[in-house]
Amino acid sequence: MLVQTHEYCSVPSQDHDYGMEDYGKGVARWCPGCGGHSILTTVQRVCKDMQYEPEKTVVVSGIGCSGRFPHYMGTYGFHGLHGRAFPVASGVKFRRPDLNVFVVTGDGDCCSIGAAHWVHAIRYNMKMVALLFDNGIYGLTKKQTSPTSPLGTHSNTHPRGSVLPPINPIQTTLGLANVSFVAQTVDWNSAHLYATIRKAAEHPGLAFVRIVQRCPAFMRDLYGDIAVNPKNLILLSHENGINLKPKARKAFGRVIEHDPSNIHKAREHAEINNGIPIGLLYQNTDNARYDEYGAHNLGMGVEEKKQNLECLLDQYTTSNSV
Amino acid sequence: MDYIVSSDILNEGDRIKPRKIKQAIVEIVSDSGEGAQKCGQSFGAISAKMGNGVWTVEIIPAEIQPPARSREGASGIRVRIGSDKVTNMGNHADLVIALNEQVVYGRIRQDAYNGNTLMFIENKWAKSEQETIRQQYSEALLKFKELGIKVVEIPMEEECLKLMPDPRKGKNMWILGLLSYMYDRDIPKAEDQIRRIFKKKTDAVIDLNIKLLHAGYDWARENLPFRYEVTPMDVDNDMVVMNGNEALSMGIMASGIELCSMYPITPATSVSHHLAENFERVGGIVHQAEDEISAIGFAIGASFAGKPAVTVTSGPGLALKTEFIGLAVMAEIPLVIIDVQRGGPSTGLPTKVEQSDLLAAIYGEAGDAPKIVLAAATIEECFHFVVLARKLAESFRTPVILLSDANLATGVQPFPRPKIDPLWLTNPIDQSPWKDGAGPFEWDENTGTSKRPIPGQKGGMYTVTGLAHGKTGKVAYDPEINQASVESRSRKIASFQKSLKPPKINGDPEGDILLVGWGSTLGAIEEAVADARAEGLKVSSLHLRFLFPIVPGLVDIFNRFKKVITVEINYSDTLGHPMITQENRRYAQLAWLLRAKTHMDIDCFSNVYGQPLNPEKVLKMIKSELKIENSEVKG
């Protein structure tokens, strides 16, 4: 059956109560202790709580450990090319405003091979949730330096320690044109992780979430101290920020009040280096959205298309009254 | 005027009666920015609207504003009009209008003129304040005359100055007026054309250009003692006139594609200009991506989501897109990729024609990535092949590469107005529930084809992956599954090939030489074959549109000829050089392909001068192959 675009419905159907099982598929094959597991469960919970129709949800990933994510989701998925999750996801969303789109990308995927697309995806600001799984190392190819590896990281490509300072993904994203949502969270605090992704899913634009993620296989020490000592996490708190229950707030030793509408302060906090600032750094719901441009003329019927095409052809048609 | 051959003068009272001619080749060459192309395209469009056959070729420098009066910066256009259908640029120009003498040199080197060429040249340089210019001018005129060109100095600047202070931007319409008189063009049509090309300008600009048109016309009437008429054809059906890139754009719109995702690249970009102007009127949209890779990724994403998409590029862009093309093959996502070829490798000759992307299009990806590759041979095919490409992409769930080239891109030719079929415009979105339990790649044993679920379809939720996968779409490294899935993707292409018919032969089905071409060389090859056959030579030709998979029946056809030669605009080694042997000789790309496919000793005639092929060169080659000593051919 051919259905015209304007006939499909973007309102969630009320005749189905989706449960966690509707968003899962197969068994995740990440290493035990990998941060991917908790992120997967959290995304599934957010989908369930938002009651996203699985068939109207698309998870797009690149290549790397994070790239396997869509295979474990009970939704539509697109496990594409290294670094190219953003272009594919943008293409999916451009003419299908009815779809819920997630982008799953890693530090190598987003900040290295796909950096050009990251810059422009932020600028396009299409409504989707972009999750940066940042474990500071190339895991799937077995321990090469990533652009976010701390200076001096010993890896198979830099056995004597890496020589360049790392990219700070949130600082970079906050410097990009038309940025509308930047948050940071960690894989091991499930309450904050959930609240952040939930907030991202509700954002009208591209919500960029950097998830500081542990890699037990290759970067055991990177976030070791921080994970065991919650004092190293700095909670950015605000009534317009990530909504945490009071009990969950107690896990944080340090709290900074931060208004997410203040981009200058956000950039300052992004540079904190004596701990990890987590929370909503910046949000602006008024930015231009490229998906609105993409969808502005959807749904023209065949007859109208044909008529307008004939008018166009008229301009090129020669008269034969010679 | 002593340059006029007496037979050209046909006085009828005080009015000159036009002499009937079958065809005319006119060139306008100038510095970049003087509007030569606008003038030539208008002359072509007016002629087409009068019912003449037309073919135009633009001469474009790579820079936007090269230095004035430089030989490399020559910008211009050739327009060939005829009483019959015109399929190529022809051989030597009958008339060249030159805005300075320096820009002519390059065209002379390209053998564009001969002893029958008449040249109208801007005479202001003779009075230049700079001595070097005066000298260059007089030297050039002597040289042109030595070559047999009949040179006439024309006061273009002087005449235009009567209407405007800076004739640099106005001379082109004055020349259009002169040409309109000289070739007896319809003046109201010329005025309409001016209104059309300046539709975004003020009325004052339009008025001025119409005045210039009339001034050129009047000047010619008073000063030229001759006039021609190229009788138009009788055509019953409506014709449309456009260039190849406009035809691609119209084809995209008519094919039901609703997204063009592109990155600017010469000579493909004007497709997206045309689309950007018109696409939204027919429910489509252009996305200008951040790079070539993103452009195709975006198109693939849209197509995955059920929205037919195209990406338009040229050679360097095709190279960047290869990884994504491989993914589209692997994940079986329909996609149309248009490659308007230019000279390569690397940045190469951005504005010049070449047919060097054939093997890259067929074999460019890592791994085994069979897909469909088509090549348009005419402006008309630029339109219809997009419609075909989308249909094939969806029927066979595969990327389809459609090859065009820089010659077709800017060439203008009239063709029958397409009849839009509403079926072309339907959307592939199927939102009915997916068959329960069916995998996303249930390959048909026989045909290798399968049905794809589209996001929104209940029960079809699957994950596309570029990793090896089986019918269920799940990642599978099992050796049997990989063998079977690669086989299925290959089988689709074979089953499409089964539906193709052997190509038609132009000329007798047997003979001494069969020329085989593809793409924009069709007209030049067929004209050369017609000329050869008129001289009694046993030469035929055939032209391939389906390059991969290749059309059936070629061995049978080739066997009926003593020699088979491909004619292509790409590189091949010429035998005769001491380093080149039968063993190490590199063949032109189609010849390479056909040799592999047919196991036959197929020769090739190819070069990379960045020029469209002309019939004379092909005819010369035919004669030299047939060892005909006197290879003198008429111009």
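Along each chain, residues carry numbers from 1 onward, in the same order as the chain's sequence is written. As they are written, the chains are lettered A onward and the ligands numbered 1 onward, keeping that order. With pLDDT at 70 or above as the cut-off, local features in this predicted model cover only qualifying residues; side-chain atom pairs require 80 or more to be listed or tallied, and sums for whole chains, interfaces and linings still use all residues. Based on all heavy atoms of the structure, the side-chain values leave hydrogens and waters out of the count.

Naming follows an unreviewed UniProt entry, where chain B appears as 2-oxoacid:acceptor oxidoreductase subunit alpha of Flagellimonas profundi.

Named according to an unreviewed UniProt entry, chain A is Thiamine pyrophosphate enzyme TPP-binding domain-containing protein originating from Flagellimonas profundi.

Caption draft 1: Summary view of the overall build of chain A. Under the DSSP-based scheme used, a helix requires at least four consecutive residues in state H or I and a strand at least two consecutive residues in state E, with every element numbered from the N terminus. Each helix and strand counted, chain A has 11 helices and 12 strands in total. Radius of gyration means the value over C-alpha atoms here, while the globule rule gives 2.2 Å times the residue count to the 0.38 power. Its C-alpha atoms give chain A a radius of gyration of 22 Å, near enough to 20 Å, the size a compact globule of 322 residues would have. Exposure categories follow from relative accessible area, calculated using a 1.4 Å probe and restricted to protein chains: below 20% of the type maximum is buried, above 50% is exposed, and the middle band is partly exposed. Classification of the 322 residues of chain A by burial places 59% in the buried group. In this analysis, two residues are considered to be in contact whenever any of their non-hydrogen atoms come within 4.5 Å of each other. Long-range contacts, defined here as pairs at least 24 residues apart, represent 69% of the contacts in chain A between residues at least 6 apart. Counting rule for charge: Lys and Arg are taken as positive, Asp and Glu as negative, and neither His nor the chain ends is counted. For charged residues, the charge sits on one atom: NZ in Lys, CZ in Arg, CG in Asp, CD in Glu. Both charge centroids of chain A, one from 31 positive and one from 28 negative side chains, sit 9 Å from each other.

Caption draft 2: Spotlight on the side chain of Thr145(A). Residue and element names in this part refer to chain A. Looking at the secondary structure, you find Thr-145 in strand β6 (residues 144–145). A 3.5 Å cut-off defines polar contacts: any pair of N or O atoms within that distance qualifies, except that in protein one atom must be a possible hydrogen donor and the other a possible acceptor, and neighbouring residues in sequence count only when both atoms are side-chain atoms. Only 2.6 Å separates the side chain of Thr-145 from the side chain of Ser-155, close enough to count as a polar contact. Residues within four places of Thr-145 in sequence aside, it is in contact with Tyr-138, Ser-155, Thr-157, His-158 and Ser-162.

Caption draft 3: Summary view of the UniProt feature "domain: Thiamine pyrophosphate enzyme TPP-binding" (unreviewed entry) in chain A. UniProt positions are given in the numbering used here, feature names are shortened, and annotations may be inferred rather than shown by experiment. Summarizing the sequence annotation, UniProt attributes the feature "domain: Thiamine pyrophosphate enzyme TPP-binding" (unreviewed entry) to residues 63–210 of chain A in the numbering used throughout. The span residues 63–210 of chain A carries 31% helix and 22% strand; its end-to-end C-alpha distance comes to 17 Å.

Caption draft 4: Fine view of unusual backbone geometry. For the bond from Gly344(B) to Pro345(B), the omega torsion is 0°, close enough to zero to count as cis. Inspection of the secondary structure puts Pro345(B) in the loop between β15 (335–341) and α12 (358–363). The step from Phe548(B) to Pro549(B) runs through a cis peptide bond, and the omega angle for that step is -5°. Here Pro549(B) shows up in the loop between β22 (546–548) and α17 (554–559). One non-glycine residue, Lys142(A), adopts positive backbone phi at about 75°. Owing to a relative accessible area of 55%, Lys142(A) belongs among the exposed residues under this scheme. One non-glycine residue with positive phi stands out, namely Lys627(B), at about 55°. Structurally, Lys627(B) is set in the segment after α19 (615–625).

Caption draft 5: Representation of the interface of chain A and chain B within the structure. Chain A puts 61 residues into the contact, and the matching count from chain B is 75 residues. Any carboxyl oxygen of Asp or Glu within 4 Å of a side-chain nitrogen of Lys or Arg constitutes a salt bridge here. Scanning the region where chain A abuts chain B turns up 4 salt bridges. Between Arg417(B) and Asp314(A) there is a salt bridge whose closest N-O contact spans 2.6 Å. Where chain A touches chain B, the interface holds 30 residue pairs in polar contact (both at pLDDT 80 or more). Mapped onto the side of chain A that touches chain B, the elements with two or more residues apiece are β2 (76–79), α2 (85–94), α4 (115–124), α10 (290–294), α11 (302–316) and β12 (317–318) of chain A. Basically, the charged four are Asp, Glu, Lys and Arg, the nonpolar ten are Ala, Val, Leu, Ile, Met, Phe, Trp, Tyr, Cys and Pro, and anything else, Gly included, counts as polar. Counted by class, the side of chain A that touches chain B contains 29 nonpolar, 20 polar and 12 charged residues. By this definition, two strands are paired if DSSP reports at least two bridges between them. Note: β2(A) against strand β19 (residues 463–465) of chain B, 3 bridges, orientation parallel.

Caption draft 6: Representation of the sheet that holds strand β11 (residues 239–243) of chain B within the structure. If you walk across this open sheet you meet the 3 strands as β12(A)-β11(B)-β18(B), and the pairing is antiparallel. Each having just a single partner strand, β12 of chain A together with β18 (412–416) of chain B make up the two edges of the open sheet. Of the pairings in the sheet, the one linking β11(B) to β18(B) comprises 5 bridges and is antiparallel in character. Note that in β18(B) the partner of Met242(B) across the bridge is Gln413(B). Against the sheet, helix α13 (residues 379–395) of chain B makes contact with β11 and β18 of chain B, and its axis sits at roughly 60° relative to β18(B), the strand it touches most. Every angle, taken between N-to-C directions, lies between 0 and 180 degrees, and every axis is a line fitted to C-alpha atoms, over only the stretch in contact when it is a helix.

Caption draft 7: Highlighting the UniProt feature "domain: Pyruvate/ketoisovalerate oxidoreductase catalytic" (unreviewed entry) in chain B. The feature "domain: Pyruvate/ketoisovalerate oxidoreductase catalytic" (unreviewed entry), as given by UniProt, occupies residues 33–218 of chain B in the numbering adopted here. With 45% helix and 16% strand, residues 33–218 of chain B has its two end C-alpha atoms placed 25 Å apart.

Caption draft 8: Layout of helix α2 (residues 102–109) of chain B. Residue and element names in this part refer to chain B. Of all 8 residues in α2, 7 are buried; the element is thus mostly enclosed. When we look at burial in α2, the residues that qualify are Gln-102, Val-103, Val-104, Tyr-105, Gly-106, Arg-107 and Ile-108. Those residues of α2 hidden inside the fold are in contact with β4 (23–30), β5 (53–59), β6 (75–82), β7 (95–98), β8 (118–122) and α3 (131–146). Trailing α2 by a residue or two, Asp-111 shows a phi angle of about 60°, which is positive.

Caption draft 9: Structural view of the domain arrangement of chain B. All names here are of chain B. Assigned domains of chain B: these are domain 1 (6–230), domain 2 (240–425) and domain 3 (511–625). Relative to domain 3, the C-alpha centre of domain 2 lies at a distance of 26 Å. Taken residue by residue, the interface counts 28 residues in domain 2 and 23 residues in domain 3. Take the accessible area each of two parts loses on contact, using a 1.4 Å probe, and add the two losses: that sum is the buried area. Summed over both sides, the interface between domain 2 and domain 3 buries roughly 2100 Å², with carbon and sulfur atoms accounting for 64% of that surface. When the area that domain 2 buries against domain 3 is broken down by residue, the three leading residues are Gln-355, Leu-358 and Leu-359, summing to 29%. Summed over the shared surface of domain 2 and domain 3, the number is 1 salt bridge. One salt bridge connects Arg-545 with Glu-381, and the closest N-O pair in it is separated by 2.8 Å. Connecting domain 2 to domain 3 are 11 residue pairs in polar contact (both at pLDDT 80 or more). Counting only elements with at least two residues in the side of domain 2 that touches domain 3, the list comes to α12, β16 (372–375), α13, β17 (399–405) and α14 (406–410). Domain boundaries shown here were taken from an automatic or database domain assignment.

Caption draft 10: Representation of the packing of aromatic side chains in the model. Ring geometry is summarised as follows: Phe, Tyr and Trp rings, the Trp one being its six-membered ring, pair when their centres sit within 6.5 Å, and such pairs are stacked at plane angles under 30 degrees, edge-to-face over 60 and tilted between the two. This model, assessed by the stated rule, comprises 26 aromatic pairs over all chains. Centre to centre, the rings of Phe304(B) and Tyr462(B) are 6.3 Å apart; their planes meet at 55°, and the pair counts as tilted. Remark: Tyr462(B) occurs in the loop between β18 and β19 and Phe304(B) occurs in helix α10 (residues 292–304); sequence separation between them is 158 residues. Of the aromatic side chains, those joined through ring pairs into one cluster are Tyr76(A), Phe78(A), Phe304(B), Phe441(B), Trp443(B) and Tyr462(B). In this scheme, Lys NZ or Arg CZ marks a charge over a ring once it lies within 6 Å of the ring centre and within 35 degrees of the ring normal. Above the plane of the ring of Trp125(B) lies Arg69(B), whose end atom (NZ or CZ) is 4.5 Å from the centre.

Caption draft 11: Fine view of the pairing of strand β1 (residues 57–61) of chain A. Residues and elements named next belong to chain A. Among the 5 residues that make up β1, 5 are buried, leaving the element largely enclosed by the rest of the structure. Along β1, one buried face is formed by Thr-57, Val-59 and Ser-61 and the opposite face, lined by Val-58 and Val-60, is buried too. With 5 bridges connecting them, β1 and strand β3 (residues 100–106) associate as parallel partners. When the sheet's bridge partners are listed, Val-58 is paired in β3 with Val-101. In terms of strand pairing, β1 meets β2 through 4 bridges, oriented parallel.

Caption draft 12: Spatial organisation of the confidence of the model for chain B. Residues and elements named next belong to chain B. The pLDDT value expresses, per residue, how confident the predictor is, ranging between 0 and 100. Mean pLDDT for chain B: 93, with 96% of residues reaching 70 or above. The model gives residues 1–14 a pLDDT under 50, and that stretch makes 23 contacts with residues more than four places away or in other chains. Note on residues 631–635: pLDDT under 50 across the span, and 10 contacts to partners over four residues away in sequence or across chains.

Caption draft 13: Molecular detail of the sheet that holds β7(B). Residues and elements named next belong to chain B. Reading across from one edge, β5-β6-β4-β7-β8-β9 is the order of the 6 strands in this open sheet, with mixed pairing throughout. Bordering the open sheet on either side are β5 and β9 (150–154), each of which pairs with just one other strand. Across the sheet, the mean angle separating the axes of adjacent strands is 15° when strand polarity is ignored. Sheet analysis places β5 next to β6, joined by 7 bridges and oriented antiparallel.

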